[in-house]
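Coordinate inspection notes
Okay, here's what each chain looks like letter by letter:
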Amino acid sequence: METNLYDTSFLIEQIHDWTTVLDGFTTIFNLIEFTKASILKKLNIIIPGPKDFDKGFEISVML
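What counts, and where the lines are drawn
- Residues numbered from 1 in each chain as written.
- Predicted model: local features only at pLDDT ≥ 70, side-chain atom pairs only at ≥ 80, totals over all residues.
- Heavy atoms only, no water.
- Buried < 20%, exposed > 50% of the residue type's maximum accessible area, 1.4 Å probe, protein only.
- Helix = DSSP H or I, 4+ residues; strand = E, 2+ residues; numbered from the N terminus.
- Pairing = 2+ DSSP bridges.
- Right-handed = clockwise from strand over helix to strand, strands pointing away.
- Core = buried A, V, L, I, M, F, W, Y, C linked by side-chain atoms within 4.5 Å.
- Contact = heavy atoms within 4.5 Å.

1. What about the pairing of strand E1 (residues 21-27)?
Residues Leu22, Gly24 and Thr26 of E1 are buried on one face, while the alternating residues Val21, Asp23, Phe25 and Thr27, pointing to the opposite face, are not. By the bridge criterion, 5 bridges tie E1 to strand E2 (residues 41-46) in an arrangement that is parallel. Looking at E2, one finds that glycine 24 is bridged to leucine 43. In this fold, the crossover linking E1 to E2 by way of helix H2 (residues 28-33) has right-handed handedness.

Right under this line is the structure:
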């Protein structure tokens, strides 16, 4: 099963093209940047938790 992850630029394009249903995922950060995307139906929102931030910090230190 293939799942799509959408960034802010893609969400903006879809809203400008009058899309109302978008099946896939985006992050809460994209919705903060572009709140109009919240009208898209079937769009799942990923909300990172403390463990996600810890892992991100761990990866950034390794880089």
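Let's pick the thread back up.
2. Let's talk about the nonpolar core
One broad rule of soluble globular proteins: the nonpolar side chains tend to lie buried together. Residues Tyr6, Leu11, Ile15, Leu22, Leu31, Phe34, Ala37, Leu40 and Leu43 constitute the largest nonpolar core, which totals 9 residues. Residues within four places of leucine 43 in sequence aside, it is in contact with Tyr6, Leu11, Leu22, Gly24, Phe25, Thr26 and Ala37.

Geometric values such as these leave the question of function open.
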